[in-house]
Amino acid sequence: MDVEPEDTSFVRLFIITGGRAEPLQSDLRLETLVVAVGTPDGSLAFERRHIVAVYAQPTTVAEVAHRVGVPLGVAKVLISDLDVAGQLVCRQPAELPLQMLERIRDHVRAL
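All values derive from a computational prediction rather than experimental measurement.

Draft legend 1. Just helix α3 (residues 61–68), in detail. Where α3 is concerned, the buried positions are Val61, Val64, Ala65 and Val68. Here the buried residues of α3 occupy an arc of 100° about the axis, which is enough to place them on one side. Counted as exposed and oriented over 90 degrees from the buried face of α3: His66 and Arg67. Directly beyond the C-terminal end of α3, a positive phi value near 85° is found at Gly69.

Draft legend 2. Spotlight on the pattern of salt bridges. Scanning all chains against the criterion turns up 3 salt bridges. Among the ionic pairs, Glu63 bridges to Arg67, the shortest N-O distance being 2.7 Å. Taken together, the residues span about one helical turn, with Glu63 and Arg67 both in helix α3 at a distance of 4 residues.

What counts, and where the lines are drawn
Residues numbered from 1 in each chain as written. Predicted model: local features only at pLDDT ≥ 70, side-chain atom pairs only at ≥ 80, totals over all residues. Heavy atoms only, no water. Buried < 20%, exposed > 50% of the residue type's maximum accessible area, 1.4 Å probe, protein only. Helix = DSSP H or I, 4+ residues; strand = E, 2+ residues; numbered from the N terminus. Arc of directions from axis to C-beta. Salt bridge = Lys/Arg side-chain N within 4 Å of Asp/Glu carboxyl O.

This is the structure we're talking about:
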């Protein structure tokens, strides 16, 4: 019987978020803009340090989740932790741009 080697690079998501499933801020949406403030603190864990290091330009919460490779809920927890710690600034767009509304419409139609 062949036994597949165990993937030791896998980290359970609850470890990344410290066991929390809910972000400290409940108002984070997919289109919330996230921008890093300064340079990453040496005490930040890997995913948090990566977010602060990479996002010097405004980026949406959805894009952060995609690029970091974590589910949206995990990204929201990480982003809210970093915002509370003063490492990130989150800004809600006043209203959705027409282009984004059209993209959402097109994706819903494709379902």
